[in-house]
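A structural walkthrough
Chain residues, written in single-letter form:
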Amino acid sequence: MNPKKDLIGIERLTADEIYQYLDLADNFIEVLARPIPIVPALRGKTVLTLFFEASTRTQISFSIAAKRLSADVVSFSQATSSVKKGETLLDTARNIEAMKVDGVVIRHSAPGAALFLGQRLDAFVINAGDGTHEHPTQGLLDMMTMRQHFRDLKKLKVLIIGDVTHSRVARSNIFGLRTVGARVAICAPPTLIPLEIENLGVEVYNNLDEIIGDFDVVMALRIQLERQGTGLFPSVREYRACYGLTKERVMRMKAKSIIMHPGPTNRGVEIDPDVADSKKSVILEQVKNGVALRMAVLFIHAGGKIE
Ligand code: CP
C-alpha cells in the first residue's frame, strides 16, 4: 500500500484501501495476544495526540497503539497549553512539529481541522474526529468488528439509529460500508436525519419497531443530551420510547445479529443497561479492536517496517 500522507476520512478511501487497514489490524490482534505485545515497527518515531475535545477511547487507544509499535507518544492537553493564551491551532501544531514529531493525531470540534493541519504540516495527520465531519478510525474499527462476526461485509445489512445529522461516526460508517457494498439504513426522528442523506446510498426509516428484525448489525448512536430542549426531539423519555434499544426491541432482532455503539453510552436513553451488557452487545469488542486498528493506521502512515 502506498498510502496518502494523512487519514482525514473514509469518504475518499477505495475498498482496497479499507481492506488493507482491516487486514493489517487483524494481524495486530495476534501481536496484542502475545505475552509481550510489542513490536519494534515504529522505533524512533514520535506521535503526538493533539486532543482539543474530550475523549476516553480514542486518545487512550491511539497512545496504547503507538506504544505497542515502540513509538514515543506525546500527549497534548488543551487545558494546560498555550492555546489558553490565544495561540492558534496552526501555530500550536507548527511549534510541536519543530520539535520533530513524525505524526499528529488530532481531535477538534471544527470540521476540516484535520485536513487544515495535514495540508500545512510535513508530519502525517490522522483525524481522530473533527466536529460533525468524520471519525475514520472509529468507522474502520466498527467495520473490523462487523467482519469478525459476519465474514463478508458485502452481504451485511446495517442499521444506524439516532442523531445521524451530528454524528461523525455515522458518516464514517456510511462511507466505508457503502464503499464495500453493504446495505446501510438509518432510523431516527426526521429532525435528526440530514437532508438528502439518500444520496449517500442509505435507506431512511422513522419507525424502528417495523424494521429492527431485518438487520445483522444494529448500531445505536449517542444522543447528545445537550441537544435536549433544542426542538430536535421532544424529550429523552420519548426518545427512549421510540428509538431506545430496550430488551423488548432486542427480542425482535435476528438471532445472530449484533448490537454496536461507539461510546460513550447514555444508559437508559439510546440503549438500556441490560442491553448494553447483553451477549448481543459487542461494545467492548469495538473498544478492544480500536487498539489493533489504530496500530494498523499508525503503521501504514508512519511507513512502518516489519523486522
Ligand atoms: N468513540 C469515541 O470516539 O469515544 P471517545 O470520545 O471516548 O474517544
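Residues numbered from 1 in each chain as written. Predicted model: local features only at pLDDT ≥ 70, side-chain atom pairs only at ≥ 80, totals over all residues. Heavy atoms only, no water.

Section: the site of the ligand
Test applied: We call a residue near a molecule or strand as soon as one heavy atom of that residue lies within 4 Å of the molecule or strand. By the criterion applied in these results, polar contacts are pairs of N or O atoms within 3.5 Å in which, for protein atoms, one can donate a hydrogen and the other can accept it, and in which residues neighboring in sequence qualify only through two side-chain atoms. Where accessible areas are quoted, they stem from the Shrake-Rupley method and a 1.4 Å probe; at the residue level, only the protein chains shown are allowed to cover. Definitions used throughout: a 1 Å grid over protein atoms alone; a cavity as a set of points that fits a 1.4 Å probe which cannot get out; a pocket as an open set with protein on both sides within 12 Å along at least five of seven lines; a lining residue as one with an atom within 4 Å of a point. Should more than half of a molecule's atoms lie within 2 Å of a pocket's or cavity's grid points, that molecule is taken to sit in it. Gly falls in the polar group here, along with every residue not listed as nonpolar (Ala, Val, Leu, Ile, Met, Phe, Trp, Tyr, Cys, Pro) or charged (Asp, Glu, Lys, Arg). Note that domain bounds follow an automatic or database assignment of domains.
The environment of the ligand is made up of Ser-55, Thr-56, Arg-57, Thr-58, Arg-107, His-135, Gln-138, Pro-262 and Gly-263. With respect to the ligand, the side chain of Ser-55 contributes an N or O atom lying 2.6 Å from an oxygen atom. Take Arg-107: an N or O atom from its side chain is 2.8 Å from an oxygen atom of the ligand. Protein contact buries 92% of the 260 Å² of open area that the ligand shows by itself. Most atoms of the ligand, that is more than half of them, are within 2 Å of grid points of the largest pocket. Residue composition of the shell around the ligand, by class: 1 nonpolar, 6 polar and 2 charged. When residues are assigned to domains, the shell around the ligand turns out to be shared by domain 1 (15-135 + 287-302) and domain 2 (137-284), each giving three or more.

Looking at the nonpolar core
Considering soluble globular proteins, one finds that nonpolar side chains tend to be buried as a cluster. We count it as follows: In this description, a nonpolar core means a group of buried Ala, Val, Leu, Ile, Met, Phe, Trp, Tyr and Cys residues linked to one another through side-chain atoms lying within 4.5 Å. Partly exposed residues are those whose accessible area sits between 20% and 50% of the maximum for their type, while under 20% is buried and over 50% is exposed, using a 1.4 Å probe and protein chains only. Note on contacts: a residue pair qualifies if any of its non-hydrogen atoms lie within 4.5 Å across the two residues.
Judged by nonpolar contacts, the single largest core of 88 residues is most densely connected at Phe-28 and Leu-298. Leave out the neighbours within four places in its chain, and Leu-298 touches Leu-42, Val-47, Phe-62, Ala-65, Ala-66, Leu-69, Val-105 and Phe-124.

Notes on the domain arrangement of the protein chain
Using the following cut-off: Whenever Lys or Arg places a side-chain nitrogen within 4 Å of a carboxyl oxygen from Asp or Glu, that contact is recorded as a salt bridge. For the purposes of this entry, the term helix denotes a DSSP run of H or I that reaches at least four residues, the term strand denotes a run of E that reaches at least two, and both are numbered from the N terminus.
Annotation of the protein chain at the domain level lists domain 1 (15-135 + 287-302) and domain 2 (137-284). Here the C-alpha centre of domain 2 lies 26 Å away from the C-alpha centre of domain 1. In this complex, domain 1 contributes 30 residues to the contact, which on the side of domain 2 involves 27 residues. At the junction of domain 1 and domain 2, the tally comes to 3 salt bridges. Between Asp-26 and Arg-147 there is a salt bridge, with its nearest N and O atoms 2.9 Å apart. The set of elements that each furnish at least two residues to the side of domain 1 that touches domain 2 consists of α1 (15-32), α2 (57-68), β3 (103-108), β4 (124-130) and α11 (283-301). Taken together, the residues that form the side of domain 1 that touches domain 2 break down as 13 nonpolar, 8 polar and 9 charged.

So, the side chain of Glu-17
Residue placement: Glu-17 occurs in helix α1. A polar contact of 2.9 Å, which involves the side chain of Glu-17, links it to the backbone nitrogen of Thr-14.

A look at the packing of α1 against helix α5 (residues 136-149)
Counted only if it meets this: Only C-alpha atoms enter the line fits that serve as axes; for helices the fit covers just the stretch in contact. Angles between N-to-C directions range over 0 to 180 degrees. What sets the label is the angle itself: under 35 degrees gives roughly parallel, over 145 gives roughly antiparallel, 65 to 115 gives roughly perpendicular, and the rest give oblique. Left-handed describes a crossing whose near helix is turned anticlockwise from the far helix by less than a right angle; the clockwise case is right-handed.
For the pair α1 and α5, interaxial distance at closest approach is 10 Å and the crossing angle is 70 degrees. Judged on the interaxial angle alone, α5 and α1 are roughly perpendicular. Where α1 crosses over α5, the handedness of that crossing is right-handed. Only Leu-140, Met-143, Met-144, Arg-147 and Gln-148 of α5 make contact with α1, whose side of the interface consists of Ile-18, Tyr-19, Tyr-21, Leu-22, Asp-23, Ala-25, Asp-26 and Ile-29. Considering only residue class, the contact of α1 with α5 consists of 9 nonpolar, 1 polar and 3 charged.

Some thoughts on the pairing of strand β1 (residues 46-51)
For clarity, the cut-off: In short, DSSP must find at least two bridges between two strands for them to pair. Handedness of a crossover is defined as follows: orient the strands so they point away from the viewer, and if the path from the first strand over the helix to the second runs clockwise, the crossover is right-handed.
Counting buried residues along β1, 6 of its 6 residues qualify, which places the element largely inside the surrounding structure. Residues Thr-46, Leu-48 and Leu-50 point to one face of β1 and Val-47, Thr-49 and Phe-51 to the other, with burial holding for every one of them. Across 6 bridges, β1 lies against strand β2 (residues 72-77) in parallel orientation. In the strand pairing of β2, Leu-50 is matched with Phe-76. Running through α2, the crossover from β1 to the neighbouring parallel element β2 is right-handed.

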